[in-house]
Amino acid sequence: MDPKVIPIFQPLRRVPIHLEAAVTEKLDELLRQDIIETKKGPATWVSQLVVANKANGSIRLCVDLRRVNQAVIRDRHPMPVIEDVLARIGRGKIWSVLDVMDAFFLLELDEETRNVMTFITHRGLYRFKRLPFGLVSAPEIFQRTMDEILADCEGAYCYLDDVGVEGSTVEEHDIRLNKCNIADVMSRLSTASPMPFDKAEEFVVREIVSAAAQTIALTWQEIEIASKEDDEIQQVIEALISETTDDLPLSYKTIFTELCSVNNVLVRGDRIVIPQRLQQRVLHLAHEGHPGMRMMKGHLRANVWWPKMDQHIEQFVKACRGCTLVSAPGPPEPMVRKELPS
């Protein structure tokens, strides 16, 4: 942490009454999983809790770490380039892609860092025991850890929480796959007792495609190509490298500490920044079935972002004739004159 930055104690962000029970249940779940713990004693850094709605109706708890990120001295570990990963995939005849579940939460924080990860809720103060999502240096820390773990695993490569294993034959592939027992290795990073390794439970074989991109029916390759052609996104990525915001548009300056780049794709937290060329397509995809403005906003906010996105959603829905007809109020009943009693 940069000692020049003064710690900030942020006030409680009130949770709607009807969501308090769900938030309490989520906090209890995180406590049982040993991801958070109750904060005892004085606190300096305190961040706010944010409640986000999921598409399935449940909630997700997020912590607004923007103020903390301003003081974080980043790890600067080199992040993998997708072109290198794709080039390596072509060498083997048999390959698997493994997804490390709850990736960041596998890394335990030291005592000093836990105090910085304190957040305030309607039940009091809690702090993270594990590496939280939203911390600007979290991807670099996790990537460095995975690179160290897989250094001696031949035929294995890592792209954040995705581990690829390849082999020229089925036998070679299976030997390498068994060697990449990530769950067992990662459990040694924690002081908690390691759980028995079950490959079927710990890993899910899938393609290396962003979950957000899948949700909005775009491929990672489409987003990457469009991002390369988007001058504004490339300007922001260059600013991230040079760590200067002087020439950036205001919409990016205000969220600069939340941004990072994965190859040529810009990411805000866990949401993909959609290039201008794909924005209308994303709006059309999210509008399928005419879900209404509120649900459309909730779905897109959970997965993607771009400047003035809410305004574009409102304009899109208002321009839809079908939505206009359905939402238009019915004509009032005509007034009927009645004769006065004699």
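Here the structure is a predicted model, which is why all the values come from computation and not from measurement. (Residues numbered from 1 in each chain as written. Predicted model: local features only at pLDDT ≥ 70, side-chain atom pairs only at ≥ 80, totals over all residues. Heavy atoms only, no water.)

A. Fine view of the overall build of the protein chain. A count of helical and extended segments in the protein chain gives 16 helices and 12 strands. Across the 342 residues of the protein chain, 42% fall into the buried class. Within the protein chain, contacts between residues separated by at least 24 positions form 66% of all contacts whose residues are at least 6 apart in sequence. A total of about 19,900 Å² of accessible surface is found on the protein chain, and carbon and sulfur atoms cover 54% of it. (Helix = DSSP H or I, 4+ residues; strand = E, 2+ residues; numbered from the N terminus. Buried < 20%, exposed > 50% of the residue type's maximum accessible area, 1.4 Å probe, protein only. Contact = heavy atoms within 4.5 Å. Areas by Shrake-Rupley, 256 points an atom, 1.4 Å probe, with all protein chains shown as cover.)

B. Representation of the sheet that holds strand 1 (residues 36-38). As summarised here, the arrangement of the 5 strands in space is 1-6-5-2-3, forming an open sheet in which the pairing is mixed. On the outer flanks of this sheet lie strand 1 and strand 3 (59-64), each paired with one strand and no other. This sheet shows a mean twist of 40° between the axes of neighbouring strands, independent of strand direction. Bridge count between strand 5 (residues 118-121) and strand 6 (residues 124-128): 4 bridges; the pairing is antiparallel. Its bridge partner lying in strand 6, threonine 118 is registered against arginine 127. The strands touched by helix 1 (residues 20-32) within the sheet are strand 1, strand 2 (47-53), strand 3, strand 5 and strand 6, with strand 3 carrying the most contacts at an inclination of about 75°. (Pairing = 2+ DSSP bridges. Axes fitted to C-alpha atoms, helices over the stretch in contact; angles between N-to-C directions.)

C. Quick look at the side chain of threonine 118. Turning to its location among the elements, threonine 118 is positioned in strand 5. Classification of threonine 118 by relative accessible area gives buried; the value is 0%. Side-chain polar atoms of threonine 118 contact the backbone oxygen of asparagine 115, separated by 2.8 Å. Excluding its chain neighbours within four sequence positions, the residues that come into contact with threonine 118 are Lys39, Trp45, Val46, Ser47, Leu125, Tyr126 and Arg127. (Polar contact = N/O pair within 3.5 Å; in protein donor to acceptor, adjacent residues only side chain to side chain.)

D. Here's a closer look at helix 5 (residues 138-149). Here helix 5 is 12 residues long and its end C-alpha atoms lie 17 Å apart, about the 16 Å a rise of 1.5 Å per residue gives. For helix 5, the complete set of buried residues consists of Ala138, Pro139, Glu140, Phe142, Gln143, Thr145, Met146 and Ile149. (Expected span 1.5 Å × (residues − 1).)

E. Quick look at unusual backbone geometry. Residues other than glycine seldom take positive phi values, yet aspartate 34 does so here, at roughly 65°. Judged by its relative accessible area of 25%, aspartate 34 is partly exposed. One non-glycine residue, glutamate 243, lies in positive phi territory at about 60°. Along the chain, glutamate 243 turns up in the loop between helix 11 (231-242) and helix 12 (250-253).

F. The nonpolar core, seen in detail. Counting residues in hydrophobic clusters, the biggest one holds 41 residues, and the most contacted among them are Ile36, Val68, Met117, Phe119, Phe128 and Leu135. The residues contacting isoleucine 36, other than those within four sequence positions of it, are Leu27, Leu30, Leu31, Phe119, Tyr126, Arg127, Phe128 and Lys129. Of all hydrophobic cores here, the second largest spans 23 residues; its members include Tyr159, Cys260, Val267 and Leu300. (Core = buried A, V, L, I, M, F, W, Y, C linked by side-chain atoms within 4.5 Å.)

G. Structural context of the packing of helix 13 (residues 276-286) against helix 14 (residues 293-301). For the pair helix 13 and helix 14, interaxial distance at closest approach is 10 Å and the crossing angle is 125°. Here helix 13 is positioned oblique relative to helix 14, judged by the angle of their axes. Pair helix 13 / helix 14 crosses with right-handed handedness. In contact with Val282, Leu283 and Ala286 of helix 13, helix 14 contributes Met296, His299 and Leu300. Class assignment for the residues of the contact of helix 13 with helix 14 results in 5 nonpolar, 1 polar and no charged. (Parallel < 35°, antiparallel > 145°, perpendicular 65-115°, else oblique. Left-handed = near helix turned anticlockwise from the far one by under 90°. Nonpolar A, V, L, I, M, F, W, Y, C, P; charged D, E, K, R; others polar.)

H. Local environment of the pattern of salt bridges. In this structure the tally under the stated criterion is 19 salt bridges. Note that arginine 66 and aspartate 64 form a salt bridge whose closest N and O atoms lie 2.8 Å from each other. In this structure, arginine 176 engages glutamate 154 in a salt bridge whose closest nitrogen and oxygen atoms are separated by 3.3 Å. Taken together, the positions of arginine 176 in helix 6 (residues 170-179) and glutamate 154 in the loop between helix 5 and strand 7 (156-159) put the pair 22 residues apart, joining distant regions of the chain. Residue classification places glutamate 154 among the exposed residues on the basis of a relative accessible area of 58%. Through salt bridges with shared partners, a single network forms among Arg13, Asp64, Arg66, Glu258 and Arg268. (Salt bridge = Lys/Arg side-chain N within 4 Å of Asp/Glu carboxyl O.)

I. Fine view of the sheet that holds strand 8 (residues 162-167). Within the open sheet, the 3 strands sit side by side as 4-8-7. Their pairing is antiparallel. The open sheet has two free edges, formed respectively by strand 4 (94-99) and strand 7, since each of these has just one partner strand. Neighbour-to-neighbour, the strand axes of the sheet open up by a mean angle of 20°, direction not taken into account. Contacting strand 4 and strand 8, helix 6 crosses the sheet at an angle of about 145° to strand 8.

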